[in-house]
Amino acid sequence: MADAHLSFSLQQQVPALIASIYEASLEPQRWTGFLEKFGAVLRSPGSQIWANDFAQRTVDLDVGFGSFGATQGFATAEMNSFAAHYCQCNVWLEDPCLHHPGTVVNSSALFSDQKLPSTEWYGDWLRPQDLFYSCAAVVDVQHDRSFNVTLLRSRSAGEYSREELGLVQQLMPHLQTAFSIHRRLYRTQALLNASLAVLDELPMGMVLLDERAQVMHRNRRAQSLMQRSQLLSETGGNGLRAANPADDRWLQKAMRECVATGLSKAAHVGRASRFRGLAGQQLQIMVAPLPIRSSPYGESCAAMVLISDPELGIPSLHEVLRGLYRLTLAEAQLAQSLINGWSLQEFADRQGVSIHTARSQFKSAAAKVGVSRQADFVRVLLTGPAMLRWQEPAQINLA
């Protein structure tokens, strides 16, 4: 067991190092702090977390949420020259078969110490920095790429002892867990960023609400429509309020009901209303629930508020809606009008048809979409693939 080979003084450092590893897994900027502690314990002034590609003979030293890169004790110029050229001269990387995931490697076992001084790697990169020995935790290997935590020190400090290598090995499972956490957080963040980017491209304002009906996110269109109309605003406590008291009472009730529906505490609801200002401005507001699963971690989105300006409208989606949902031209025109915030009566008046005809067209279109309520019909269309295919005309600019 590695623990048996650790001296008492080294063993005392293990808890603090483990804590530092997990702190860094959640906050990437702390990897440098971990390297400082790790290097101090093993008398190693230079250390780095990096990825090596054996097939391409390149390295990845980038620092960022999606990367494991971090360095300590090296100047920027030194790391740049390493990435640009000297990584290809690194004799410790000549045999990828010696770098297995979960193992600790040391330079003396990777390449002869006697032959090292005659190499370009030592003469041009290690020697100017007074470095000679190295040890590395090969945390993972994927597709010819190894992910490593590497320490370097001078010849006078001596090669890494069995006790020191044992300490690195003891930290290995924690490093592997931390790297896995780091990757999952990065993937989650990447998916979140992609989802929010899609929301920002929608031609409809969208506000997402949590279980307490507090604003979790609003896309650019929602923010623009709220600012232009002054009919709707976000409070300092992240609540959503309407300027008109009557509209606000409707909004608060609708949000409470829809949040409760999302939490499976009430019957399915969805509400729509038209907000009007004294200067003639208008906003069509629809509040709809989003079914969620309870989770002990983090927040969940329980409802959404969809915002549109009936006077501006959304560019034609007739062909997209007909193709996706097999709507007739009349049904697609009706769907487009509802998306734009019109009521059934407004659609009937503008099309010159009876309200009975408009209702019949809606019933047929809703059945094809798989819903029966008008609020659900609009919500499905607004959150479905049709919204990803719209083309905004140049003369409309709400961003």
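Residues numbered from 1 in each chain as written. Predicted model: local features only at pLDDT ≥ 70, side-chain atom pairs only at ≥ 80, totals over all residues. Heavy atoms only, no water.

Next up on the list: the nonpolar core. In terms of nonpolar packing, the biggest core is built from 57 residues, with Phe38, Phe82, Trp121 and Val149 touching the most fellow members. For this core, the secondary structure elements donating two or more residues are helix H1 (8-26), helix H2 (31-41), strand S1 (46-53), helix H3 (76-84), helix H5 (120-126), strand S5 (133-142), strand S6 (145-153) and helix H6 (162-201). Element by element, the count of residues in this core is highest for H6, at 8 residues. Once you skip the residues sitting within four places of it in the chain, Phe38 turns out to touch Leu17, Val149, Leu151, Leu167, Val168 and Leu171. In terms of nonpolar packing, the next biggest core, distinct from the first, is built from 29 residues, Met206, Leu306, Leu334 and Trp342 among them. (Core = buried A, V, L, I, M, F, W, Y, C linked by side-chain atoms within 4.5 Å. Buried < 20%, exposed > 50% of the residue type's maximum accessible area, 1.4 Å probe, protein only. Helix = DSSP H or I, 4+ residues; strand = E, 2+ residues; numbered from the N terminus. Contact = heavy atoms within 4.5 Å.)

What follows concerns the pairing of S6. The side chains of a regular strand alternate between the sheet's two faces. Among the 9 residues in S6, 8 count as buried, and that is most of the element. Looking at chain direction, S1 and S6 are connected through 8 bridges and run antiparallel. Looking across to S6, one finds that Gly46 is bridged to Leu152. Connecting S5 to the antiparallel partner S6 that follows it, the hairpin turn spans 2 residues, and His143 within it adopts a positive phi of roughly 50 degrees. (Pairing = 2+ DSSP bridges.)

Next up on the list: the environment of Arg271. As for its placement among the helices and strands, Arg271 is situated in strand S11 (residues 271-276). What makes Arg271 partly exposed here is its relative accessible area of 28%. When the C-alpha atoms of Arg271 and Ala288 are compared, they prove to be 6.6 Å apart, with 17 residues separating the residues in sequence. With residues up to four places along the chain from it excluded, the contact list for Arg271 reads Trp250, Lys253, Ala254, Glu257, Ile285, Met286, Val287 and Ala375.

One open sheet holds the 5 strands; their spatial order is S8-S7-S13-S12-S11, and the pairing between them is antiparallel. The open sheet terminates on both sides in strands that have one partner only, identified here as strand S8 (215-218) and S11. The mean inter-strand angle of the sheet, taken between neighbouring strand axes irrespective of direction, is 20 degrees. Bridging between strand S7 (residues 205-209) and strand S13 (residues 303-308) involves 5 bridges; their strand directions are antiparallel. (Axes fitted to C-alpha atoms, helices over the stretch in contact; angles between N-to-C directions.)

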